[in-house]
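# Report on the structure
Residue strings, one per chain:
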Amino acid sequence: MASIALKNIYKVYPGDVTAVHDFNLEIEDKEFVILVGPSGCGKSTTLRMIAGLEEITKGELYIGDRLVNDVEPKNRDIAMVFQNYALYPHMSVYKNMAFGLKLRKMPKEQIDQKVKEAAKILDIEHLLQRKPKALSGGQRQRVALGRAMVRNPAVFLLDEPLSNLDAKLRTSMRTELAKLHKRLQTTFVYVTHDQVEAMTMGDRIVVMHDGFIQQADTPQNLYDSPCNLFVAGFIGTPPMNFMDGEVVKVDDKYVVRVGDSDLPLLPSRFAPEKLTAYEGKPVVVGVRPENLHLEPVYMNQPTTGVITVSVDLAELMGSEIYVYATYGARNIIAKVPPHTKIETGEQMQIAVDCNKLHLFDKETERTIAN
């Protein structure tokens, strides 16, 4: 088993294109870390540098206590699972899983034992004699995982392994991978662009954008305390709502003026001395869809503010309704109970839970918080 340390890692391609900037991360032994971000953010490049498939331009990479910058991929004690499975089409499932062990000249009996043990864990024992073309996407993914498992690596690297599966199968495979990690007690580094995958599977999530780490934290902390506008908008489904506001003082208390509404800035979230620097200045106000309420009990509370929106669309999701509305020049989404009566085009009052309000500096896009 092994920890991973990335110290001041850069990846620069010809033409002075920097894909990864000053990447610093310590991954603990047996931790499940997820690199997440939009396409082109540098997450797969980072994974490939850990694997040894991409050369590191600058910085140091350690697996355990060993510097591996110049170590061949086969000598790094890692196993990689790719998005396209990379199975040999002419070989049976058994031979695909055994292939790497044969190259290492492992005894036949030992290979057989390892393949059958992995197949049992992954519930693919009945598929061992089939060829990949006779398998579903989910079954192929299990074979790819099994091929990695039989090597008993110190580190598993997974590059968008579920992106080719349908939505239902992705959900079940997320659960299977989380259970597999707990069973194997091995370090997992997992790349995805899907923040739902990241939130449901990882011990820790590293959010990347334009080659930089934006924030590395637990899923709950990322959700509750995003460090900037990008993380706030990227993490959460539906995404956080953003509105333009201005910090003003009313009767010795700070509020944020959003359109023609004043939302209280509660001292538990925003220290008055911190807000002094923003008085009279424009800010970005963030609130998640589940913190917008239509029920009368939420109106006129000291910890809520009320905005009047124009309803564009109400989308029934079964357990809740997504209300798509317009407030000023901004589109916002509210999650409300399923039996709420909503008419398209109507003006509606929505209560904002100011205990869950976020403020961001308009220029730096960094969070303003205690």
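For the structure itself, consult the block above.
The shown structure was predicted, so the numbers you read here are calculated from the model rather than taken from an experiment. (Residues numbered from 1 in each chain as written. Predicted model: local features only at pLDDT ≥ 70, side-chain atom pairs only at ≥ 80, totals over all residues. Heavy atoms only, no water.)

### What to know about helix α1 (residues 43-51)
- Among the nine residues that make up α1, seven are buried, leaving the element largely enclosed by the rest of the structure.
- All of the buried residues in α1 are Lys43, Thr45, Thr46, Leu47, Met49, Ile50 and Ala51. (Buried < 20%, exposed > 50% of the residue type's maximum accessible area, 1.4 Å probe, protein only. Helix = DSSP H or I, 4+ residues; strand = E, 2+ residues; numbered from the N terminus.)

### Quick notes on the packing of aromatic side chains
- As enumerated under the stated definition, the model contains six aromatic pairs in all.
- For the ring pair Phe230 and Phe234, a centre distance of 5.6 Å and an interplane angle of 15 degrees mean the geometry is stacked. Pair noted here: Phe230 and Phe234 are both in helix α8 (residues 229-234), with a separation of four residues, about one helical turn.
- Within the aromatic cluster, the residues linked to one another by ring pairs are Phe32, Phe156, Phe188 and Tyr190.
- Geometry around Tyr10 places Lys58 over its ring, the cationic atom sitting 4.6 Å from the centre.
- Its guanidinium or amino end placed over the ring of Tyr223, Arg288 lies 3.9 Å from that ring's centre, counting from NZ or CZ. (Phe/Tyr/Trp six-rings, centres within 6.5 Å; stacked < 30°, edge-to-face > 60°. Lys NZ or Arg CZ within 6 Å of the ring centre and 35° of its normal.)

### Points about the sheet that holds strand β6 (residues 78-81)
- Strands sit in the order β6-β7-β8-β3-β9-β10 across an open sheet of six strands; the sheet is mixed. Across the chains shown, the open sheet's two edge strands, defined by having one partner strand only, are β6 and β10 (212-217). The sheet shows a mean angle of 15 degrees between the axes of neighbouring strands, direction not considered.
- Of the pairings in the sheet, the one linking strand β3 (residues 32-36) to strand β9 (residues 204-209) comprises four bridges and is parallel in character. Each residue of the ladder has a partner; that of Val33, found in β9, is Arg204. (Pairing = 2+ DSSP bridges. Axes fitted to C-alpha atoms, helices over the stretch in contact; angles between N-to-C directions.)

### Re the side chain of Asp159
- Within the secondary structure layout, Asp159 lies in strand β7 (residues 155-159).
- Buried charge Asp159 goes without a salt bridge, the closest partner of opposite sign being Arg48 at 5.6 Å.
- In terms of polar contacts, Asp159 uses its side chain to reach the side chain of Ser44, at 3.0 Å. (Lys, Arg positive; Asp, Glu negative; His and termini not counted. Salt bridge = Lys/Arg side-chain N within 4 Å of Asp/Glu carboxyl O. Polar contact = N/O pair within 3.5 Å; in protein donor to acceptor, adjacent residues only side chain to side chain.)

### Some remarks on the environment of Phe360
- Relative to the helices and strands, Phe360 is located in strand β20 (residues 358-361).
- For the pair formed by Phe360 and Ala232, sequence separation is 128 residues and the distance between their alpha carbons is 9.8 Å.

### Description of the sheet that holds strand β12 (residues 253-258)
- With respect to topology, six strands assemble into an open sheet ordered β13-β12-β11-β14-β20-β21, the strand pairing being antiparallel. Strands at the two margins of the open sheet, each flanked by one partner only, are β13 (261-264) and β21 (367-368).
- In terms of strand pairing, strand β11 (residues 241-250) meets β12 through five bridges, oriented antiparallel. Paired with Glu246 across the bridge in β12 is Arg257.

### Looking at the pattern of salt bridges
- Applying the stated criterion across every chain, the model contains nine salt bridges.
- As a salt-bridge pair, Arg257 and Asp262 come within 2.7 Å of each other at their nearest N and O atoms.
- Between Glu343 and Lys341 there is a salt bridge, and its shortest N-O distance comes to 3.4 Å.
- Classification of Lys341 by relative accessible area gives exposed; the value is 68%.
- Among the charged side chains, a salt-bridge network with shared partners connects Lys11, Arg48 and Glu54.

Functional significance is not addressed by these values, which are geometric in nature.
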